[in-house]
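Analysis of the macromolecular model
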Amino acid sequence: MILDGQLRPGDRLPVEKDLADTLQVSRGSLREGVRALSILGVVHTRQGDGTYVTSLDPARLLSPMAMVLDLQDDGAMPAFHSVRRVLETEAAGLAAIRMTDDAVAEARAILDRVPEIMHGASVDHDRFIEIDIAFHRVIAAHTGNPVLEALIESFAGRTVRARLWRGLHTEGIEERTHGEHEAIWRALAARDPEAARIRMASHLLGVEDSLPKPESLNDLPDLPTCQSRAHVSDVQVIRVTCTSDTCARV
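Criteria and cut-off values
- Residues numbered from 1 in each chain as written.
- Predicted model: local features only at pLDDT ≥ 70, side-chain atom pairs only at ≥ 80, totals over all residues.
- Heavy atoms only, no water.
- Helix = DSSP H or I, 4+ residues; strand = E, 2+ residues; numbered from the N terminus.
- Contact = heavy atoms within 4.5 Å.
- Salt bridge = Lys/Arg side-chain N within 4 Å of Asp/Glu carboxyl O.
- Buried < 20%, exposed > 50% of the residue type's maximum accessible area, 1.4 Å probe, protein only.
- Axes fitted to C-alpha atoms, helices over the stretch in contact; angles between N-to-C directions.
- Parallel < 35°, antiparallel > 145°, perpendicular 65-115°, else oblique.
- Left-handed = near helix turned anticlockwise from the far one by under 90°.
- Nonpolar A, V, L, I, M, F, W, Y, C, P; charged D, E, K, R; others polar.

1. Examining the environment of T89
- Along the chain, the position of T89 falls in helix α5 (residues 77-98).
- Separated by 111 residues in sequence, T89 and M200 have C-alpha atoms that sit 5.4 Å apart.
- Other than its neighbours up to four places away in sequence, T89 contacts R197, M200 and A201.

Put into structure tokens, the structure is as follows:
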């Protein structure tokens, strides 16, 4: 019903009995299907008011992917980073064309926060990662492609452990990373998509080259709070028994 346009974003689903009759399924199967669609971000229930189709925006629908990625073991990290590089390289090229002057200024302001955490007695690795994520996020947000932005956001949290390890174990890595970010920003400010792609690809290839072995990540301290911010939204994992046929009909 949602796929064929009978129910549009914001529409309220018919009452349970009528919907079960329309779909020719039991009310128990219908509840399971609706529960599954709720977890996927397709519908949401308002207490005492019924169940509604969500906005169906890509960020909402792709948010469960962040949890899927988090459940993979560290041995899959190189694969995640290579996909991240493909996505963010294209994002940089698009952003160079589509970023507003205000967005370029926002990216500049993010990078301007780095010196204050670099010139102390020791580098604040957690804050540096927060700035790192914020810089990449503002680029993704101005690609003009919400699906690309949502995919990049999903990958952000999964790469935090490797970023933290890199900062703790690689001498001078924050200075190098900041310099690479500055080069990316200059390409964005110059509205040069090819330079932006090249700078972003080079930056992320360097990240891939310095990835730790999976067993090295076991020695890390607790992850910084920025990991939770890297996700589009929290996803509650519950066990759902749902026939694909029931979900598809709704």
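2. Quick look at the pattern of salt bridges
- Evaluation of the coordinates by the stated rule reveals 14 salt bridges.
- Here R85 makes a salt bridge to E208, at a shortest N to O gap of 2.3 Å. With R85 in helix α5 and E208 in helix α12 (residues 193-209), this pair connects stretches of sequence that are 123 residues apart.
- Put simply, D112 and R108 hold a salt bridge, and the shortest N to O gap is 3.0 Å.
- For D112, a relative accessible area of 45% corresponds to the partly exposed category.
- Among the residues examined, R108 registers a relative accessible area of 18% and is labelled buried.
- Each of E16, R27 and R31 takes part in one network of salt bridges that share partners.

3. Here's the deal with the packing of helix α8 (residues 125-141) against helix α11 (residues 173-189)
- Contact geometry of α8 with α11 gives a least axis separation of 12 Å together with a crossing angle of 20°. If you check the angle between α8 and α11, you find them roughly parallel. Read as a crossing pair, α8 and α11 show a hand that is left-handed. Of α11, the residues touching α8 (which contributes H125, F128, D132, F135, H136 and I139) are E174, T177, H178, H181, I184, W185 and L188.
- When the residues that make up the contact of α8 with α11 are grouped by side-chain class, the tally is 6 nonpolar, 5 polar and 2 charged.

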